[in-house]
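# Observations on the model geometry
The primary structure of each chain is shown beneath.
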Amino acid sequence: MGLFHCPVGAMTRGDEECIHCGLCSAGTAEERIRSTQVIREWLQKTEKERNKNITIFKVAICGKGGSGKSTLTALLAGALEELGYATFIVDSDSSNGGLWKKLGMDEPPKPLSQMDESGPDGEWFNQSPMISTNFVEPYVRNKGLKSLVSIGKIENPLEGDAREMGDYAKEIIRHIVPLEKEMILVDQEAGVESFGRGIEILCDTVLIPVEPSDESIELAGKIKYMAGGLGIRRVRAVLNKVEDEEQEEYLQEALSQMDIRFLGTLPNQKEIRSLNMRGHGFSPKFCHQTAGVLTQMMLDEAQMKYKR
Amino acid sequence: MNEEKQREAVEEIVGSLSPKPKEVYYEAAHGIFDKMTMNRFVTPYLLRELFTPLEMEMVLAMPATGEELAEKFGMETEKTKEMLNRLVSLGRIISSRRPPFTYSPHMNAIAFRDSIGVGLNANKMDWMPHIKAIRLMCLWVKMEYDERLAKAVKHEMRVIPKYESVKNVPGVMFCENMKEIVESAVRERQFVAARCVCRSYASYMAEGRDNPNHCNCLQEHGSEDGHCFSISRQAEYFATQRGAYCPDEEAAWKLFEEAECSTAIYTTPNTRDTTFICSCCADCCGLSEYEKQGFEVRKPSRFRPKVRQERCVGCKMCEKRCAYEAIQVVDGKAVVAGGKCLGCGNCVVTCKTKALKMEIVQPPEWVPDMPYVEGWYLPES
Ligand SMILES: Nc1ncnc2c1ncn2[C@@H]1O[C@H](COP(=O)(O)OP(=O)(O)OP(=O)(O)O)[C@@H](O)[C@H]1O
Ligand SMILES: [Mg+2]
């Protein structure tokens, strides 16, 4: 007999929340062990459903131009790989396309916007539900547990405009269903203009790399405000390119004033710059070293388990 | 308490031990209620105050529907339900909210105690006509320290830190993040607030009246009472059956802000699944009574304040606000006694120089998925 409360928070025996574990009326040790088993099974069975509003499924990475969105996306993907999570990465940035290199891939994926959906490619693409494993080369590139698709660049400004590309990205992010232990990451275009197109609203989490600059802080505030208006549950900053403790404290205080939580700091690192300069990929090990802690913090906040 | 002490205490409350409670109260005590208490001599006397003999017979036949009970006792269905619903409204029994609408007795001592108080408050009743029941209830849930018992109740509850104290700390889990908990509950309209039943108990026991200023909670919380928070499925229950208040968004945030700046300690059952949050400060909280006896009912949060020496000016605000003497100013600087600290964050939120900063000191597994059930049972006496 419990002194305090029902383990599953049911109001009463036999109520709709009651899982008939029998704990509240068990008298003997055997009965108690049996009850514990019932509770354990129930917890396992209902874990997904209970956590559906907490779990991270889709993450949009937004921020000022050059603040480190693509770098963060790649580091996160690598760190997640080390922690046992696959990532399906959508490069929605229509103006630069170096993400595949950061991810250590040999070739860029062919932009999805160049696909003829009425042809044979349309078949797999329009399968329902849309899952990452449906995507075929050359529209997807894989490396380790990471997959990358890109929406497309505007090669000829007369052919299409960024707005249409945005809609295309939106369709994918809306329909894609992450697999078990998989996360969707969207490397967004710079600035807040893309917010109007509503990719973020399809994501449960928005990450903002914030560098030591007034513009970057200000933009983080705008993103937070807009995300709030869209009802996005989780907005988190990552301090990037930080040079010393003083900068770190300053940024933390500034974000705190705007009520923006942060996950951690990526110091200004020569190695990141060197890798980026040479167009080399970030190995999962390197990602884990650099961004492992902040990735774990992100998972902890969402109560998601990971390999250690 | 040994039987002799219980006898004396009961006698003091009810006047005389005879006549003894009718047999049915002993039957109910042995069958249902004794499992919840160490003070089993008290049980039948308490039950006699809470139930008529007929009601007690019915409780013994529960769980059952109104129809079943009516048939069993040869009564009219409507009359029976009326009677049972009155008991529900007074918090003496519980009913399910959806068909087949079963009635059942309380199975948890503290929940029973709370429910009786909430029932009286919800019906805006004066407690004095029921004061014998109230005093017997307080006696019934009392525990004296003993190792087996301590094991049975250890860490059933858990402390959630003040949001303000961890808002700059990365890695705060959802179930530790008051702001997100309130936000999501408010969004789903599953956030209700009730008057603090612990304060009513403390006030009636000490003064024989409901004195809102009995403890500091109210002044701290703001002018009005109502910082007992229920979340999700329990919210619906307390709103529909116990007259708890379902604040709109603005009012909810006001309550949250008030609780944040008080010395209340957010306490919740020790699982990741938050169904209610008690925000009592230590002076009338039912749990702190047990803590004073040496029971570690509350598991500390995963957070501990760290003192940044260069910022500390030794103002002693933290010392004043701590309910556990876990932080003290020594030689002009705050020092945290790790072993005593429950990680509630009360000292952090008012530190003017921001010398105190929360750190995570335990892994996520510290907060169990599985509710704590190992010591769920009181030892046989
Ligand atoms: N932590 C860091 N340390 C050192 N250099 C960094 C760091 N993060 C990013 N950089 C450098 O900053 C530059 C911009 O980074 P990145 O391309 O990731 O930003 P972005 O936000 O994706 O830019 P765009 O808006 O153009 O897409 C790159 O040259 C990268 O090497
Ligand atoms: Mg980029």
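So, how was this worked out
Residues numbered from 1 in each chain as written. Chains lettered and ligands numbered in written order. Predicted model: local features only at pLDDT ≥ 70, side-chain atom pairs only at ≥ 80, totals over all residues. Heavy atoms only, no water. Helix = DSSP H or I, 4+ residues; strand = E, 2+ residues; numbered from the N terminus. Buried < 20%, exposed > 50% of the residue type's maximum accessible area, 1.4 Å probe, protein only. Contact = heavy atoms within 4.5 Å. Near = heavy atom within 4 Å. Polar contact = N/O pair within 3.5 Å; in protein donor to acceptor, adjacent residues only side chain to side chain. Nonpolar A, V, L, I, M, F, W, Y, C, P; charged D, E, K, R; others polar. 1 Å grid on protein atoms, 1.4 Å probe; cavity = no way out; pocket = protein on both sides within 12 Å on 5 of 7 lines; lining within 4 Å. Points joined across faces, edges and corners; volume = space filled by probe spheres on them. Phe/Tyr/Trp six-rings, centres within 6.5 Å; stacked < 30°, edge-to-face > 60°. Lys NZ or Arg CZ within 6 Å of the ring centre and 35° of its normal. Patch = residues over 30% accessible without salt bridge, like charges linked within 9 Å, V, L, I, M, F, W, Y side chains within 5 Å. Areas by Shrake-Rupley, 256 points an atom, 1.4 Å probe, with all protein chains shown as cover. Salt bridge = Lys/Arg side-chain N within 4 Å of Asp/Glu carboxyl O. Lys, Arg positive; Asp, Glu negative; His and termini not counted. Charge placed at Lys NZ, Arg CZ, Asp CG, Glu CD. Pairing = 2+ DSSP bridges. Axes fitted to C-alpha atoms, helices over the stretch in contact; angles between N-to-C directions. Domains from an automatic or database assignment. Buried area = accessible area lost by both parts, 1.4 Å probe. Core = buried A, V, L, I, M, F, W, Y, C linked by side-chain atoms within 4.5 Å.

Okay, the overall build of chain A next. From N to C terminus, chain A includes nine helices and eight strands. Counting every position in chain A, which comprises 308 residues, the buried fraction comes to 56%. Across chain A, every contact between residues at least 6 apart in sequence was considered, and the portion connecting residues at least 24 apart equals 76%.

Next up on the list: the site of ligand 1. Residues and elements named next belong to chain A. Taken together, 19 residues lie near ligand 1, and Lys-69, Ser-70, Thr-71, Asn-240 and Asn-276 sit nearest. The separation between an oxygen atom of ligand 1 and a polar side-chain atom of Lys-69 is 2.7 Å. Take Asn-276: an N or O atom from its side chain is 2.5 Å from an oxygen atom of ligand 1. Counting only elements with at least two residues in the shell around ligand 1, the list comes to helix H2 (69-82), strand E7 (234-242) and helix H8 (270-278). The class makeup of the residues in the shell around ligand 1 is three nonpolar, eleven polar and five charged.

With that out of the way, let us pick up the side chain of A:Gln188. Inspection of the secondary structure puts A:Gln188 in the loop between strand E5 (182-187) and strand E6 (205-210). Not counting residues within four places of it along the chain, the set of residues in contact with A:Gln188 comprises A:Ala60, A:Ile61, A:Cys62, A:Lys69, A:Ser92, A:Asp93, A:Ser194, A:Ile199 and A:Glu200.

A volume near 730 Å³ is recorded for the second largest pocket. Every residue lining the second largest pocket is counted, 24 residues in all, and those nearest its centre are A:Glu49, A:Arg50, B:Ser232, B:Arg233 and B:Asp273. The leading source of residues in the lining of the second largest pocket is helix H1 (residues 29-50) of chain A, at four residues. Of the residues assigned to the lining of the second largest pocket, the class counts are seven nonpolar, eight polar and nine charged.

This part takes up the packing of aromatic side chains. Residue and element names in this part refer to chain B. Enumeration according to the criterion identifies 15 aromatic pairs over all chains in this entry. The lysine or arginine in question, Arg-113, covers the ring of Tyr-201, its NZ or CZ lying 4.5 Å from the ring centre. Stacked on the ring of Tyr-266, the Lys or Arg Lys-162 has its end atom at 5.5 Å from the ring centre.

Residues A:Glu243, A:Asp244, A:Glu245 and A:Glu246 make up a contiguous surface patch of negative charge. Take A:Asp244: its relative accessible area is 37%, and that puts it in the partly exposed class.

What follows covers the pattern of salt bridges. Under the criterion given, the structure shown has 31 salt bridges over all chains. For the salt bridge of A:Lys241 with A:Glu211, the shortest nitrogen-to-oxygen distance reads 3.1 Å. Of this pair, A:Lys241 sits in strand E7 while A:Glu211 is found in the loop between E6 and helix H6 (214-230), placing the two residues 30 residues apart along the sequence. Where B:Arg135 meets B:Glu12, a salt bridge forms, and the shortest distance between an N and an O atom there is 3.1 Å.

Now for the sheet that holds strand E3 (residues 102-105) of chain B. All names here are of chain B. Strand order in the open sheet formed by three strands is E1-E3-E2, and the pairing between neighbours is antiparallel. Each edge of the open sheet carries a strand with a single partner, namely strand E1 (64-65) and strand E2 (93-95). The strands touched by helix H6 (residues 77-89) within the sheet are E2 and E3, with E2 carrying the most contacts at an inclination of about 110 degrees.

This paragraph deals with the domain arrangement of chain B. How big an interface is tends to be stated in terms of accessible area lost as the parts join. Residues and elements named next belong to chain B. In terms of domains, chain B is made up of domain 1 (3-142) and domain 2 (150-366). Placing the centre of domain 1 and that of domain 2 at their C-alpha centroids yields a distance of 31 Å. On the side of domain 2, 17 residues touch domain 1, which itself brings 30 residues to the contact. Overall, the association of domain 1 and domain 2 removes approximately 1,900 Å² of surface from exposure, summing both partners, and the carbon and sulfur fraction of that is 58%. The largest per-residue losses of area from domain 1 upon contact with domain 2 belong to Arg-97, Arg-113 and Trp-127, which jointly make up 32% of the total buried on that side. At the junction of domain 1 and domain 2, the tally comes to zero salt bridges. Taken together, the connections running from domain 1 to domain 2 amount to five residue pairs in polar contact (both at pLDDT 80 or more). Mapped onto the side of domain 1 that touches domain 2, the elements with two or more residues apiece are E2, helix H7 (109-122) and helix H8 (131-140). Looking at side-chain class alone, the side of domain 1 that touches domain 2 contains 15 nonpolar, eight polar and seven charged residues.

Taken together, the contact between chain B and chain A spans 63 residues of the former and 47 residues of the latter. Buried surface at the junction of chain B and chain A, summed over both partners, amounts to about 5,100 Å²; 52% is from carbon and sulfur atoms. If you look at where chain B meets chain A, you find five salt bridges. Between A:Arg236 and B:Glu180 there is a salt bridge, with the nearest N and O atoms lying 2.7 Å from each other. In this assembly, chain B and chain A are joined by 14 residue pairs in polar contact (both at pLDDT 80 or more).

Core analysis: the biggest nonpolar cluster contains 69 residues, and B:Phe33, B:Phe51 and B:Trp140 have the highest contact counts within it. For this core, the element with the most residues is H8(B), which contributes eight residues. Lining this core are residues from two domains, each supplying at least three of them: domain 1 (3-142) and domain 2 (150-366) of chain B. Excluding its chain neighbours within four sequence positions, the residues that come into contact with B:Phe51 are B:Tyr25, B:Met56, B:Val59, B:Leu87, B:Arg92, B:Ile93 and B:Phe112. Listed in part, the 44 residues of the second largest apolar core include A:Met130, A:Ile173, A:Ala237 and A:Val242.

Residue and element names in this part refer to chain B. Ordered in space as E5-E6-E8-E7-E4-E9, the six strands form an open sheet in which the pairing is mixed. Taken across any chain shown, the strands that pair with only one partner, and hence form the sheet edges, are strand E5 (191-194) and strand E9 (298-299). Relative to strand E6 (residues 228-231), E5 runs antiparallel, the two being bridged by four bridges. Residue Phe-191 lies in a different strand from E6, and its bridge partner there is Ile-231.

This part takes up the side chain of A:Lys69. All names here are of chain A. Following the sequence through the fold, Lys-69 ends up in helix H2. Polar side-chain contacts of Lys-69 include one of 3.5 Å to the backbone oxygen of Gly-63. Not counting residues up to four positions away in its chain, the partners in contact with Lys-69 are Ile-61, Cys-62, Gly-63, Lys-64, Asp-187, Gln-188, Glu-189, Ala-190 and Pro-209.

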